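# Examining the three-dimensional arrangement
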Amino acid sequence: MTIRRTFAAAALVTVAFVATACDATPTPPPSPSAPASTAPSPSPSPTPTAAANDDPTCLVGSWVLDEEGMGAYYAHVNDLLDGTAEISPAGDAVLEIGDDGSFVWRPDARITSVVAGRSMEVSLTGTLSGTYTAEPGRIRTEADVDDRLEITGTVDGKPVDASGIAQQIGGVPLADAAFTCTPTTLELTTSLVDTEVTTTLQRRN
């Protein structure tokens, strides 16, 4: 998120001098100068943060769900599943939201999970595109989407049909989501397992 930093002004330094009097008598040695005193620097101002925004116009742009964001999302999902799986995502996914009501989801990710000693790996590439509607704080996608996701999967190293699970773990996270955004982040909150899960994306442009 955008951070504005306010720097304190430089401290003023005041130096006091002690003048010596001049008379007919020999001039005594000058008195030592008083030590310089330095005014204390003011404390830095608190760093303000940009307020979250629920105006649909803030949705428009190109957003990326990076590897860190994926890790946070799947860690939350795993907690909801009582920690029954070890989920390790790699890669990222780009979400492009147009001002014409269109969106494109471009995952390029590999998700590895281990459940009850069995290892599953799902790779996601391709695109998922369609249209959306938005109102303050809420975005919804239309049911008719152009699904061109390319999905491969293995269980214990053997190829399997991963299309079913991929729709759960690889679909676009704005089918019906609450949202807030700042100049650099977009948070999408959806319902999952009778609770809410938040996906945080970073703005690309």
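Treat the numbers as computed from the prediction; the structure is a model and nothing was measured.

### Focus: the overall build of the protein
Along the backbone of the protein there are two helices and 12 strands. Order of helices (α) and strands (β) in the protein, N terminus to C terminus: β-β-β-α-β-β-β-β-β-β-α-β-β-β. Counting over 205 residues, the protein shows a buried share of 29%. The contacts in the protein between residues at least 6 apart in sequence include a share of 58% that link residues at least 24 apart. As presented, the protein carries roughly 12,600 Å² of accessible surface, and 53% of it is formed by carbon and sulfur atoms.

### Here we look at the side chain of Thr189
You can see Thr189 is positioned in strand 11 (residues 185-192). Polar contacts involving the side chain of Thr189 include one to the side chain of Thr198, which spans 3.0 Å. Those residues in contact with Thr189, other than ones at most four positions away along the chain, are Asp176, Ala177, Ala178, Glu196, Val197 and Thr198.

### Let's talk about the state of the cysteines
All told, the structure shown has one disulfide when counted by the stated rule. Note that Cys58 is cross-linked by a disulfide to Cys181, the S-S spacing being 1.6 Å. Negative torsions about the S-S bond denote left-handed disulfides, and the value of about -85° found for Cys58 with Cys181 makes this one left-handed. In this pair, Cys58 is assigned in the loop between strand 2 (37-38) and strand 3 (61-65) and Cys181 in strand 10 (residues 176-181), connecting sequence segments 123 residues apart. Across this residue pair, the class does not change: Cys58 and Cys181 are buried.

### Things to note about the packing of aromatic side chains
Enumeration according to the criterion identifies one aromatic pair in this entry. For the ring pair Tyr73 and Tyr74, a centre distance of 5.0 Å and an interplane angle of 80° mean the geometry is edge-to-face. As far as the burial class goes, Tyr73 and Tyr74 line up, both buried.

### Details of the pattern of salt bridges
Here the structure, examined in full by the defined rule, presents seven salt bridges. For the salt bridge of Asp146 with Arg148, the shortest nitrogen-to-oxygen distance reads 3.1 Å. Of the residues examined, Asp146 reaches a relative accessible area of 33% and is grouped as partly exposed. A relative accessible area of 55% places Arg148 in the exposed class.

### Description of the confidence of the model for the protein
Put simply, the protein has an average pLDDT of 74, and 70% of its residues get 70 or more. Across the protein, element-level confidence peaks in strand 3 with a mean pLDDT of 95 and bottoms out in strand 1 (residues 13-14) with 17. With pLDDT under 50 throughout, residues 1-37 is counted as low confidence; its partners more than four residues away or in other chains account for 31 contacts.

### Some points on unusual backbone geometry
The phi dihedral of Ala116 is positive, around 50°, even though this residue is not glycine. Locating Ala116 in the fold gives a position in the loop between strand 5 (102-115) and strand 6 (118-135). On the basis of relative accessible area, Ala116 is assigned to the exposed category, the value being 77%. The backbone phi angle of Asp156 is positive, close to 55°, even though this residue is not glycine.

Reading the values: rules and limits
- Residues numbered from 1 in each chain as written.
- Predicted model: local features only at pLDDT ≥ 70, side-chain atom pairs only at ≥ 80, totals over all residues.
- Heavy atoms only, no water.
- Helix = DSSP H or I, 4+ residues; strand = E, 2+ residues; numbered from the N terminus.
- Buried < 20%, exposed > 50% of the residue type's maximum accessible area, 1.4 Å probe, protein only.
- Contact = heavy atoms within 4.5 Å.
- Areas by Shrake-Rupley, 256 points an atom, 1.4 Å probe, with all protein chains shown as cover.
- Polar contact = N/O pair within 3.5 Å; in protein donor to acceptor, adjacent residues only side chain to side chain.
- Disulfide = S-S within 2.5 Å.
- Phe/Tyr/Trp six-rings, centres within 6.5 Å; stacked < 30°, edge-to-face > 60°.
- Salt bridge = Lys/Arg side-chain N within 4 Å of Asp/Glu carboxyl O.
- pLDDT = per-residue confidence, 0-100.

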